[in-house]
Every structure is written in structure tokens, then in C-alpha cells.
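Below are the chains, spelled out letter by letter.
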Amino acid sequence: MDIVQHNIAVGKYLVSPLIHSQDDGRFAASVSIRSGRGSGMHDRVMRFTPRFASHAAAVRYAVDQGLGWVSERHPARPTHQPAPGHFAS
């Protein structure tokens, strides 16, 4: 069974973990990273080789990998910088 949950919007991207239960009771993780809309939509799917003992561990891994991919391409910008001559104490 495939379970999609915990969609996370990051800028123009939608990060969606996809967890697959295995016959041995472990879980496989994939992540979809979608951008764009309509005919301009692009969906990158990454499948990972580690297997996880819990569904939650597989979700965490997939989300971490997806967010890491996004942050490598679009580093976070500071939300606030002090004006010149003003220093935070």
C-alpha cells in the first residue's frame, strides 16, 4: 500500500513523502518534489534504498531528503537584517 501524507509547501515546491509498506513489515520511502502548474508542472520522484522499522521513520527520512533537495537549490534568505549601524544585543 502507498501512503501519501505530510505535504509541505516550500516556495514554489510541494514536497510529498510517499511511504510503501513491504512484505516483511518494514517501510520503503520515496519523495515527490513538484513545481509549476498545469502543462508546466514538473514532478521529481526520488526513491531511497534504506528500509525503516516504522512508518514515522520512513516519513521523516523522505521529508528530510526532499527538504534538503529544495534547500540546496534555493538557500533560505534571512527574513530580517538590522539596519546599518544597529546591532542586536
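Refer to the structure presented above.
Given the structure is predicted, the values throughout are model-derived calculations rather than measurements. For every chain, the first residue of the written sequence is number 1, and numbering continues from 1 onward in sequence order. A pLDDT threshold of at least 70 governs which residues receive local features in this predicted model, and a stricter bar of 80 or more applies before side-chain atom pairs are shown or counted, although totals over entire chains, interfaces and linings include all residues. Excluded from the side-chain calculations are hydrogens and water; all other atoms, namely the structure's heavy atoms, are used.

Undergrad: Provide a residue-level description of the overall build of the protein, including the pertinent values.
TA: Within the protein, the regular secondary structure consists of one helix and five strands. Among the 89 residues that make up the protein, the fraction classed as buried is 29%. The criterion used for residue contact is that any of the two residues' heavy atoms lie within 4.5 Å. A sequence separation of at least 24 residues applies to 35% of the contacts in the protein between residues at least 6 apart. To measure how exposed things are, a 1.4 Å probe is used in the Shrake-Rupley method; for residues, cover is taken only from the protein chains shown. As displayed, the protein has an accessible area near 6,400 Å², and 53% of this comes from carbon and sulfur atoms. Segments assigned H or I by DSSP are reported as helices when at least four residues long, segments assigned E as strands when at least two residues long, and all are numbered from the N terminus. Categorising residues by exposure relies on relative accessible area from a 1.4 Å probe, with only protein chains included: less than 20% of the type maximum marks a residue as buried, more than 50% marks it as exposed, and the intermediate range marks it as partly exposed.

Undergrad: Run through the packing of aromatic side chains, naming residues and quoting values.
TA: A pair of Phe, Tyr and Trp rings is counted when the ring centres sit within 6.5 Å of each other, with Trp represented by its six-membered ring. The angle between the planes then sorts it: under 30 degrees is stacked, over 60 is edge-to-face, the rest tilted. One pass over the structure, following the stated rule, counts three aromatic pairs. Ring centres of Phe 48 and Tyr 61 lie 5.3 Å apart, and the angle between their planes is 85°; this geometry places the pair in the edge-to-face category. Here the residue Phe 48 occupies a position in strand 5 (residues 42-52), and Tyr 61 occupies one in helix 1 (residues 55-73), the gap between them amounting to 13 residues. The class of Tyr 61 is partly exposed, set by a relative accessible area of 27%. Ring geometry for Phe 52 versus Tyr 61: centroids 5.1 Å apart, planes at 45°, classification tilted. Connected via pairs of aromatic rings, a cluster forms that spans Phe 48, Phe 52 and Tyr 61.

Undergrad: An account of the pattern of salt bridges is needed here, citing residue identities and associated values.
TA: In the sections that follow, a salt bridge refers to a side-chain nitrogen of Lys or Arg positioned within 4 Å of a carboxyl oxygen of Asp or Glu. What the rule picks out here adds up to two salt bridges. Across the pair Asp 43 and Arg 34 runs a salt bridge, and its minimum N-O distance is 3.3 Å. For Asp 43, a relative accessible area of 34% puts it in the partly exposed group. With relative accessibility at 34%, the residue Arg 34 sits in the partly exposed group.

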